[in-house]
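Each chain is listed here by its residues.
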Amino acid sequence: MDYDVNGTTIAADEEGYITNLADWTPDLAGVIAKAENIEMDDERWEVVNFLRDYYDEYQIAPAVRVLIKSVKKSMGPEKGNNKYMYELFPYGPAKQACKIAGLPKPTGCV
Amino acid sequence: MSEVKKFLYVNRKAPYGTIYALEALEVVLIGAAFDQDVSLAFLDDGVFQLTKGQNTDGIGVKNFSPTFRALGDYEVTKLFVEQESLDERGLTTDDLQEVTYEDEDDDWAEKPSIRVVSRAEMADIMANQDVVLSF
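Positions within a chain are numbered from 1, following the residues in the order the chain's sequence is written. Lettering for chains starts from A, numbering for ligands starts from 1, and both go in the order in which the items are written. Local features in this predicted model are restricted to residues whose pLDDT is 70 or higher, and side-chain atom pairs enter the listing and the counts only when it is 80 or higher, whereas totals over whole chains, interfaces and linings include all residues.

Colleague: Would you mind showing me how to read the overall build of chain A here?
Modeller: The number of helices and strands found in chain A is five helices and two strands. Comment: elements are numbered from the N terminus, with helices defined as DSSP H or I runs of at least four residues and strands as E runs of at least two. Start at the N end of chain A and walk to the C end: the helices and strands fall as β-β-α-α-α-α-α. Here the C-alpha radius of gyration of chain A, 13 Å, is about what a compact globule of 110 residues would show, namely 13 Å. The C-alpha extent of chain A, read off along each of the three principal axes, is 40 × 25 × 25 Å. Neighbour density around each residue's C-beta defines its exposure: 20 or more other C-beta atoms within 10 Å make it buried, 12 or fewer make it exposed, and counts between make it partly exposed, where C-beta atoms are placed from the backbone. Within the span of chain A, comprising 110 residues, buried residues form 34% of the whole. Contact between two residues is assigned whenever their backbone-derived C-beta positions fall within 7 Å. Restricting the contact set of chain A to residue pairs at least 6 apart, pairs at least 24 apart contribute 51%. With the radius of gyration taken over C-alpha atoms, the globule rule is written as 2.2 Å times the number of residues to the power 0.38.

Here it is as structure tokens:
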């Protein structure tokens, strides 16, 4: 399932995770989000950027409970909870947000 | 809910050159979702997995050593390193990266996850497990 960003084709696997992490751009994030029926706003960008920072630091995409715990730690309990995160990303905050962030499928999502 | 079992993942191989070390770490991260009592052991060439300043640019594979620092987020907080294995390779604890976790029962104080133990202590740790998985 490849993506088209302003005429450039970006390769992705059958689930929609991009193949080459270096291909990611904010424009691509918007295209992936659209394919997921998600409109990117400040709140969603905050989570996507958080995930990219997490990957930079630890070289993994965190499992959903680890993501929510880490968000709680850095952004507070009003954001670091299941309800808020699933409202932003209904098909799973880790899976969907990681896809939009251009990261691999989260490690520990069985 | 079944009772919690003690799992020990034994790492004996150098981080690169074979896939064992990376696969072991992936298994640990996936297994951490099951709320078991998880420990990791590093002995023989496995102690090289925790060395700091790893650079894999020349071999074209991902440097996954930073991922050990995420283990605390997954509530994996016991990394046992065998003293004799370090000694035999001319390594000291100063050569190992810092891995910490936040202790929920102690006001989230940051504590070291790496514990250096003797070969005899390592044997006791292994004898105390329900499940030992060797990589």
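Colleague: Sorry, what's going on with the interface of chain B and chain A here?
Modeller: Size of an interface, as often reported, equals the accessible area lost when the parts are brought together. On the chain A side, the residues contacting the 13 residues of chain B number twelve residues. Ten residue types, Ala, Val, Leu, Ile, Met, Phe, Trp, Tyr, Cys and Pro, are classed as nonpolar, four, Asp, Glu, Lys and Arg, as charged, and the remainder, Gly among them, as polar. Looking at the side of chain B that touches chain A residue by residue, the classes come out as eight nonpolar, one polar and four charged.

Colleague: Teacher, can you tell me more about the nonpolar core here?
Modeller: One broad trend across soluble globular proteins is that nonpolar side chains are buried collectively. By definition, a nonpolar core groups buried Ala, Val, Leu, Ile, Met, Phe, Trp, Tyr and Cys residues that are joined through C-beta atoms within 7 Å. Ranked by internal contacts, the top residues of the largest apolar core, which has 56 residues, are Leu51 and Ala97 of chain A together with Val28, Ala41 and Phe42 of chain B. Apart from residues no more than four positions distant in its own chain, Phe42 of chain B is found in contact with Asn11, Val47, Gln49, Leu50, Leu79, Phe80, Val81 and Glu82 of chain B.

Colleague: Would you mind going over the sheet that holds strand β6 (residues 114-117) of chain B with me for this structure?
Modeller: All names here are of chain B. At least two DSSP bridges between two strands are needed for those strands to be called paired. The five strands are arranged β6-β3-β2-β1-β7 in an open sheet whose pairing can be described as parallel. Across the chains shown, the open sheet's two edge strands, defined by having one partner strand only, are β6 and β7 (131-134). With direction set aside, neighbouring strand axes in the sheet form an average angle of 25°. The angle between two axes is taken between their N-to-C directions and runs from 0 to 180 degrees, where each axis is a line fitted to C-alpha atoms and a helix contributes only its stretch in contact. The strands touched by helix α1 (residues 20-31) are β1 (6-11) and β2 (37-42); relative to β1, the strand with the most contacts, the crossing angle is about 165°. In the packing of helix α3 (residues 119-127) onto the sheet, the strands contacted are β1, β2, β3 (79-82), β6 and β7, and the crossing angle to β3 comes to about 140°.

Colleague: How should I be thinking about the environment of Thr107 of chain A in this particular structure?
Modeller: Positionally, Thr107 of chain A belongs in the segment after α5 (93-100). Residues Thr107 of chain A and Pro62 of chain A, 45 residues apart in the sequence, show an inter-C-alpha distance of 6.0 Å. Setting aside residues no more than four positions away along its own chain, Thr107 of chain A makes contact with Ile60, Ala61 and Ala63 of chain A together with Glu26, Leu29 and Ile30 of chain B.

Colleague: I tried to follow the environment of Tyr17 of chain A on my own but got confused; where do I start?
Modeller: Relative to the elements of secondary structure, Tyr17 of chain A occurs in the loop between β2 (8-10) and α1 (26-35). Each C-alpha atom, one on Tyr17 of chain A and one on Lys69 of chain A, is 23 Å from the other, the two residues being 52 residues apart in sequence.

Colleague: What am I meant to see in α5 of chain A here?
Modeller: An α-helical segment advances 3.6 residues per turn. Residues three or four places apart therefore align on the same side. Residues and elements named next belong to chain A. Most of α5 sits inside the fold, with eight of its eight residues counted as buried. The complete set of buried residues in α5 reads Pro93, Ala94, Lys95, Gln96, Ala97, Cys98, Lys99 and Ile100. Tucked into the core, α5 has its buried residues touching α1, α2 (42-58), α3 (64-75) and α4 (82-88). Of the residues flanking the end of α5, it is Gly102, one or two places downstream, whose phi is positive at about 75°.

Colleague: In this structure, what is going on with the pairing of strand β5 (residues 109-112) of chain B? I would like to understand it.
Modeller: Remember that side chains alternate between the two faces of the sheet whenever the strand is regular. Residue and element names in this part refer to chain B. With four bridges joining them, strand β4 (residues 100-103) and β5 adopt antiparallel strand pairing. Bridged to Tyr101 within β5 is Lys111. Counted along the chain from β4 to the antiparallel partner β5, the turn is five residues long, and its residue Asp107 has a positive phi close to 55°.

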